[in-house]
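An overview of the molecular structure
These are the residues of each chain, in order.
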Amino acid sequence: MFIIKWSNRLLAFSLEIIMLIVVVYVPIKIIVTPWLKYVVAAALLLLIIGLWATWAAPTATRRLKLPYIIIFKLLIYLIPTFLLYKAGMQNYAGILYALVVICELGALLFHEYN
């Protein structure tokens, strides 16, 4: 059980990193205007980091409680999922969100939100 719990934590951290990579990569890839692609990528990155640090980080002073943290995570992961979908990577979008749901179910199962 210990290995599964830590595997879920590793998956959660990996999904967070993937989310940050996607919100920077996809706007740079699909937006044509040179200056706009970097502005959108930086704005999305700062938005997600700010929201995550305020309400979802384990050390956040205003960390959300159950069930709101799960709702927040499912909503914030819709941003990279939508970006992947719009970039024509529908399979990756589906896989990403499926892994998010599996990770959140695992976090509930292992009582990660106490």
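Quick summary incoming for the structure in this document. Just so you know, these numbers come straight off a predicted model, no measurement behind them. (Residues numbered from 1 in each chain as written. Predicted model: local features only at pLDDT ≥ 70, side-chain atom pairs only at ≥ 80, totals over all residues. Heavy atoms only, no water.)

Topic: the packing of aromatic side chains
- What the rule picks out here adds up to four aromatic pairs.
- Their ring planes at 80 degrees and their centres at 6.0 Å tell us that Trp52 and Tyr77 sit as a pair that is edge-to-face. Taken together, the positions of Trp52 in helix H2 (residues 34-55) and Tyr77 in the loop between helix H3 (68-76) and helix H4 (78-86) put the pair 25 residues apart, joining distant regions of the chain.
- On the basis of relative accessible area, Tyr77 is assigned to the buried category, the value being 3%.
- Taken together, a centroid distance of 6.0 Å and an interplanar angle of 80 degrees make the contact between Trp55 and Phe72 edge-to-face. Taken together, the positions of Trp55 in helix H2 and Phe72 in helix H3 put the pair 17 residues apart, joining distant regions of the chain.
- Among the residues examined, Trp55 registers a relative accessible area of 32% and is labelled partly exposed.
- Members of the aromatic cluster, each reached through a chain of ring pairs, are Trp52, Trp55, Phe72 and Tyr77.
- Positioned over the ring face of Trp6 is Arg9, at 4.5 Å from the centre of the ring. (Phe/Tyr/Trp six-rings, centres within 6.5 Å; stacked < 30°, edge-to-face > 60°. Helix = DSSP H or I, 4+ residues; strand = E, 2+ residues; numbered from the N terminus. Buried < 20%, exposed > 50% of the residue type's maximum accessible area, 1.4 Å probe, protein only. Lys NZ or Arg CZ within 6 Å of the ring centre and 35° of its normal.)

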